[in-house]
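# Working through the structure, step by step
Next come the chains, spelled out residue by residue.
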Amino acid sequence: EALLRWQIEGGESIPPDQFIPLAEETGLIVPIGEWITYEACRQISIWNEAGYSKHPLTISVNLSVRQLCDRKLIKMIRNVLSETGIKPQWLVLEITESMVMDSPEEKIRILEELQSFGISIAIDDFGTGYSSLSYVRKLPIDILKVDREFIKDINLDRNGEAIIRAILALSKSLGLKVVAEGVEEASQVEFLKEIGCDFVQGFFFSKPLSVIDLERRFKSDWEDCKVSNEIEDEAPLYQVVP
């Protein structure tokens, strides 16, 4: 999953919640988002060509509200796919339901066109904010990402477990894959495996890694992992998502 960090002089890293709102407000998020998408696709192309996994690796990139409203988005994605040479199936674009609330028909049309390329569309942070079953039914999506707020209560609250089971049952009935976010404990992994969750993501497996460190893992004992990409200024970081 491509996450943005701003690394300033001295090695200090500024978290996205401190600068993304300003980038959104000024419109800079559009060129920043294009750069992230290109770098993520370029890197996944390198890894897949190098054969680091028995199965092709995929990479997720978050779209911002501004990008989804940008008329040049579809052209930009098409150009990135062409320039990096990756197969569309290697790319997942993540949105939140709230991004579609304004002019939903137009946003759905854009997502359908992106999906027609072969790209997968994921709903991020599902279960929070504007989550609505009616929109899940209408949106052209392939993946639901369950918010970490539900995952952290798995071992503490039976209601939390029940919600996870319900989301999984809903997703399966709609033919969607499910990713559990924020997994940090072995007991959470076991529960999610038991109920048939497709993928789990979180610090239990790894914190963000540099390209060099992640490639070392590929060469050792992580060859069958999927990958999420966390891109910094000139130094991409990556997080393993088995």
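Rules and cut-offs
- Residues numbered from 1 in each chain as written.
- Predicted model: local features only at pLDDT ≥ 70, side-chain atom pairs only at ≥ 80, totals over all residues.
- Heavy atoms only, no water.
- Helix = DSSP H or I, 4+ residues; strand = E, 2+ residues; numbered from the N terminus.
- Buried < 20%, exposed > 50% of the residue type's maximum accessible area, 1.4 Å probe, protein only.
- Contact = heavy atoms within 4.5 Å.
- Areas by Shrake-Rupley, 256 points an atom, 1.4 Å probe, with all protein chains shown as cover.
- Phe/Tyr/Trp six-rings, centres within 6.5 Å; stacked < 30°, edge-to-face > 60°.
- Pairing = 2+ DSSP bridges.
- Axes fitted to C-alpha atoms, helices over the stretch in contact; angles between N-to-C directions.
- Core = buried A, V, L, I, M, F, W, Y, C linked by side-chain atoms within 4.5 Å.
- pLDDT = per-residue confidence, 0-100.
- Salt bridge = Lys/Arg side-chain N within 4 Å of Asp/Glu carboxyl O.

Counting secondary structure elements, the protein chain contains 10 helices and 12 strands. Every one of the 242 residues in the protein chain was classed for burial, and the buried ones make up 48%. Long-range contacts, defined here as pairs at least 24 residues apart, represent 67% of the contacts in the protein chain between residues at least 6 apart. When the accessible surface of the protein chain is summed, it comes to about 12400 Å², and 51% of that surface belongs to carbon and sulfur atoms.

For the structure on display, the rule yields 2 aromatic pairs. Plain terms: the ring middles of tryptophan 6 and phenylalanine 19 are 5.6 Å apart, the flat faces sit at 80 degrees to each other, and that makes the pair edge-to-face. Of this pair, tryptophan 6 sits in strand β2 (residues 6-7) while phenylalanine 19 sits in helix α1 (residues 16-26), and the two are 13 residues apart along the sequence. On the accessibility criterion, tryptophan 6 (44% relative accessible area) is partly exposed. Judged by relative accessible area, which is 10%, phenylalanine 19 ranks as buried. Arranged with centres 5.2 Å apart and planes meeting at 85 degrees, the rings of phenylalanine 204 and phenylalanine 205 form a pair that is edge-to-face. Relative accessible area serves as the criterion here: at 37%, phenylalanine 204 is assigned to the partly exposed category. You can call phenylalanine 205 buried: its relative accessible area is 16%.

By definition, the strands of a sheet pair up through backbone hydrogen bonds, in either a parallel or an antiparallel sense. Spatially, β4-β5-β6-β7-β8-β9 is the arrangement adopted by the 6 strands of the open sheet, whose pairing is parallel. On the outer flanks of this sheet lie β4 (59-62) and β9 (199-200), each paired with one strand and no other. As judged from the 4 bridges shared by strand β5 (residues 91-95) and strand β6 (residues 120-126), these two strands associate in the parallel manner. Considered in β6, the bridge of valine 92 is made with serine 120. Together, β6, β7 (143-146) and β8 (177-180) form the strand contacts of helix α8 (residues 158-173), whose direction differs from that of β7 by roughly 175 degrees.

Turning next to the nonpolar core. If you look at the biggest cluster of nonpolar residues, it comprises 62 residues, and the most contacted ones within it are Leu91, Leu93, Ile164 and Leu192. If one sorts the elements of this core by residue count, helix α4 (residues 73-84) sits on top with 6 residues.

Our next topic: the confidence of the model for the protein chain. Confidence in the prediction for the protein chain averages 84 pLDDT; 88% of positions are at 70 or higher. Considering each helix and strand of the protein chain separately, the mean pLDDT is smallest for strand β11 (residues 226-231), with a value of 41, and largest for α4, with 97. In the predicted structure, residues 223-242 sits below a pLDDT of 50 and forms 96 contacts with residues beyond four places in sequence or in another chain.

Turning next to the pattern of salt bridges. Per the counting criterion, the structure on display carries 11 salt bridges. Residue glutamate 181 pairs with lysine 145 through a salt bridge whose shortest N-O separation is 3.6 Å. Taken together, the residues span a long stretch of sequence, with glutamate 181 in the loop between β8 and α9 (186-194) and lysine 145 in strand β7 at a distance of 36 residues. Ionic pairing is found between aspartate 198 and lysine 177, a salt bridge with its closest N-O pair at 3.9 Å. You can see aspartate 198 sitting in the loop between α9 and β9 and its partner lysine 177 sitting in strand β8, a full 21 residues away along the chain. Aspartate 198 gets classed as partly exposed once you look at its relative accessible area, which sits at 24%. Taken together, the shared-partner salt bridges in this structure form one network comprising Glu1, Glu94, Lys145 and Glu181.

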